[in-house]
Amino acid sequence: MLSRDEVESRLHGYLVDMFEIPQEKISVQARLYEDLDLDSIDAVDLVVKLQELTGRKLKVDEFKTVRTVGDVIDRVHAVLAE
């Protein structure tokens with residue numbers, strides 16, 4: 001199972017590689033929509049990438065309440081712990 005730090009590191013890489021977000025903008029407190037300018041299509045793309053990472057089907061509904069990078073890390077880590 002991936003550690004919380006590994007999940008954070010992978011997520012950080014996805015945000016930089018997939019969405020060309022400058023590294024300095026990404027923090028655990030960064031809000032996905034307001035601070036990082038992701039839209040709903042980006043969010044779906046990110047969930048698909050996270051499914052590849054976890055090897056599990058993630059419900060998009062579970063990510064509707066996710067607002068920050070930290071929330072994504074918490075959610076993915078919870079799925080891995082199931």
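Use the structure listed above.
Residues numbered from 1 in each chain as written. Predicted model: local features only at pLDDT ≥ 70, side-chain atom pairs only at ≥ 80, totals over all residues. Heavy atoms only, no water.

Under the definition given, this model contains 3 salt bridges. The salt bridge partner of Arg-4 is Asp-74, with a shortest N-O separation of 2.6 Å. Note that Arg-4 is positioned in helix 1 (residues 4–19) and Asp-74 in helix 3 (residues 69–81), a separation of 70 residues in sequence. According to the relative accessible area criterion, Arg-4 is partly exposed, its value standing at 37%. Notably, a salt bridge pairs Asp-35 with Arg-31, separated by 3.0 Å at the nearest N-O pair. Residue Asp-35 is classed as partly exposed on the basis of its relative accessible area, which comes to 28%. (Salt bridge = Lys/Arg side-chain N within 4 Å of Asp/Glu carboxyl O. Helix = DSSP H or I, 4+ residues; strand = E, 2+ residues; numbered from the N terminus. Buried < 20%, exposed > 50% of the residue type's maximum accessible area, 1.4 Å probe, protein only.)

Another point: the nonpolar core. Of all hydrophobic cores here, the largest spans 25 residues; its most connected members are Leu-15, Leu-36, Leu-50, Phe-63, Val-69 and Val-72. If you list the elements that add at least two residues to this core, you get helix 1, helix 2 (40–54) and helix 3. Excluding anything up to four places from it in sequence, Leu-50 contacts Tyr-14, Leu-58, Phe-63, Val-72 and Val-76. (Core = buried A, V, L, I, M, F, W, Y, C linked by side-chain atoms within 4.5 Å. Contact = heavy atoms within 4.5 Å.)

Moving on, we get to a nonpolar patch on the surface. Residues Val-44, Val-48 and Val-60 make up a contiguous nonpolar surface patch of about 210 Å² in total accessible area. Along the chain, Val-48 falls in helix 2. Here Val-48 falls in the partly exposed class, since its relative accessible area comes to 42%. (Patch = residues over 30% accessible without salt bridge, like charges linked within 9 Å, V, L, I, M, F, W, Y side chains within 5 Å. Areas by Shrake-Rupley, 256 points an atom, 1.4 Å probe, with all protein chains shown as cover.)

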